[in-house]
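# Breakdown of the fold
Below are the chains, spelled out letter by letter.
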Amino acid sequence: MELHLAQALQARQPQIRRRWETLLRDEPVRSALADPGILARLFDTTLGELFGVLRATPERPRGNSDAYSRVRAGCGCGRNPLVAYFLTGEQALLETLEAVEEAEPRPPATAAAELHFVMRQIARREVDAFCSLCQYGEHGGGAWNIPRTARWRGHPQAPREPAMAMAIHA
């Protein structure tokens, strides 16, 4: 994506956040973690990463447009709140990009494809990470895939405590 387009999008970050939150509030809430008020706290982090990647690399390979079907398919239980989070975020970004491109004399045709590609890379990573902890899905991970009797710390099959949990307890 051309630098001036990435900068124009970043300058409209408050507009993107408002639209994203509106779209997210229209989605059904399937769990406490899918609450739009909670997910809205992630907007700045996600947008910061997205704009950082867009500014850092002016040209990138084109992504596959069916990446979200694979992201959705990766969530076996359908409870992952990040699927709706990223779908609505991408929609808000594309609507804003459309407004930015209208002001361009010759808008580049690749800007939307690049925005899709970067957002879907972030989405796939985050959705897969969340799904790996799920107790409902086919590939649920963490403590849920081991026998119930092995969940106590001293058991040889007990999972090691993740670094994030160790940092919280410290």
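So, how was this worked out
Each chain has its residues counted from 1, running along the sequence as written. Per-residue local features are limited, in this predicted model, to residues with pLDDT of at least 70; the limit for side-chain atom pairs, both in listing and counting, is 80 or more; totals at the level of whole chains, interfaces and linings are taken over all residues. Each side-chain value is derived from all of the structure's non-hydrogen atoms; neither hydrogens nor water enter the calculation. Secondary structure elements are taken from DSSP: a helix is a run of H or I of four residues or more, a strand is a run of E of two residues or more, and numbering for both begins at the N terminus. The buried label applies to any residue whose accessible area, calculated with a 1.4 Å probe on protein chains only, is under 20% of its type's maximum; exposed applies above 50%, and partly exposed to all values in between. Note on contacts: a residue pair qualifies if any of its non-hydrogen atoms lie within 4.5 Å across the two residues. Reported accessibility uses the Shrake-Rupley method at a 1.4 Å probe radius. Residues are deemed covered only where the shown protein chains occlude them. Within a predicted model, pLDDT stands for the predictor's per-residue confidence, ranging from 0 to 100. Lines fitted to C-alpha atoms define the axes here, with helix axes fitted over just the stretch in contact, and angles between the N-to-C directions of these axes take values from 0 to 180 degrees. Relative orientations are named as follows: roughly parallel for angles under 35 degrees, roughly antiparallel for angles over 145 degrees, roughly perpendicular for angles from 65 to 115 degrees, and oblique for any other angle. Rotating anticlockwise by less than a right angle from the far helix to the near helix defines a left-handed crossing, while the corresponding clockwise rotation defines a right-handed one. This arc is taken over the directions from the axis of the helix to the C-beta atoms. One speaks of a salt bridge when a side-chain nitrogen belonging to Lys or Arg is within 4 Å of a carboxyl oxygen belonging to Asp or Glu.

## Concerning the overall build of the protein
Each helix and strand in the protein was counted, giving eight helices and zero strands. The secondary structure elements of the protein, listed N-terminal to C-terminal, are α-α-α-α-α-α-α-α. Relative to its full complement of 170 residues, the protein shows a buried share of 35%. Within the protein, counting contacts between residues at least 6 apart in sequence, those at least 24 apart form 68% of the total. When the accessible surface of the protein is totalled, it reaches about 10,200 Å², and 54% of it is carbon and sulfur.

## Section: the side chain of asparagine 80
With respect to the helices, strands and loops of the structure, asparagine 80 is situated in the loop between helix 5 (67–74) and helix 6 (81–102). Using a relative accessible area of 6% as the deciding quantity, one classes asparagine 80 as buried. Among all residues touching asparagine 80, those that are not within four sequence positions of it are Cys75, Val127, Phe130 and Cys131.

## A look at the confidence of the model for the protein
Mean pLDDT over the protein stands at 75; residues scoring 70 or higher make up 66%. Looking across the protein, the model is least confident in helix 8 (residues 163–169), with a mean pLDDT of 43, and most confident in helix 2 (residues 13–26), with 95. The low-confidence segment residues 140–170, where pLDDT is below 50, has 31 contacts with residues more than four positions distant or belonging to other chains.

## Quick look at the packing of helix 4 (residues 43–56) against helix 6
At a minimum axis separation of 12 Å, helix 4 and helix 6 run at an interaxial angle of 60 degrees. Taken together, the axes of helix 4 and helix 6 lie oblique to each other. Note that helix 4 runs across helix 6; the crossing there is right-handed. Residues Phe43, Thr46, Leu47, Leu50 and Phe51 of helix 4 lie in contact with helix 6, whose contacting residues are Tyr85, Phe86 and Leu93.

## Things to note about helix 1 (residues 3–11)
Taken residue by residue, helix 1 has Leu5, Ala6, Ala8 and Leu9 as its buried positions. Angular distribution of buried residues about the axis of helix 1 spans 160 degrees; they occupy a single face of the element. Of the surrounding elements, those touching the buried residues of helix 1 are helix 2, helix 4, helix 6 and helix 7 (111–131).

## What to know about the pattern of salt bridges
Using the criterion set out here, one finds six salt bridges in the structure. A salt bridge links glutamate 90 to arginine 120; the shortest N-O distance between them is 2.9 Å. Within this pair, whereas glutamate 90 is found in helix 6, its partner arginine 120 is found in helix 7, the two being separated by 30 residues in sequence. A cluster of three or more residues bridged by salt bridges with shared partners is formed by Glu49, Arg125 and Glu126.

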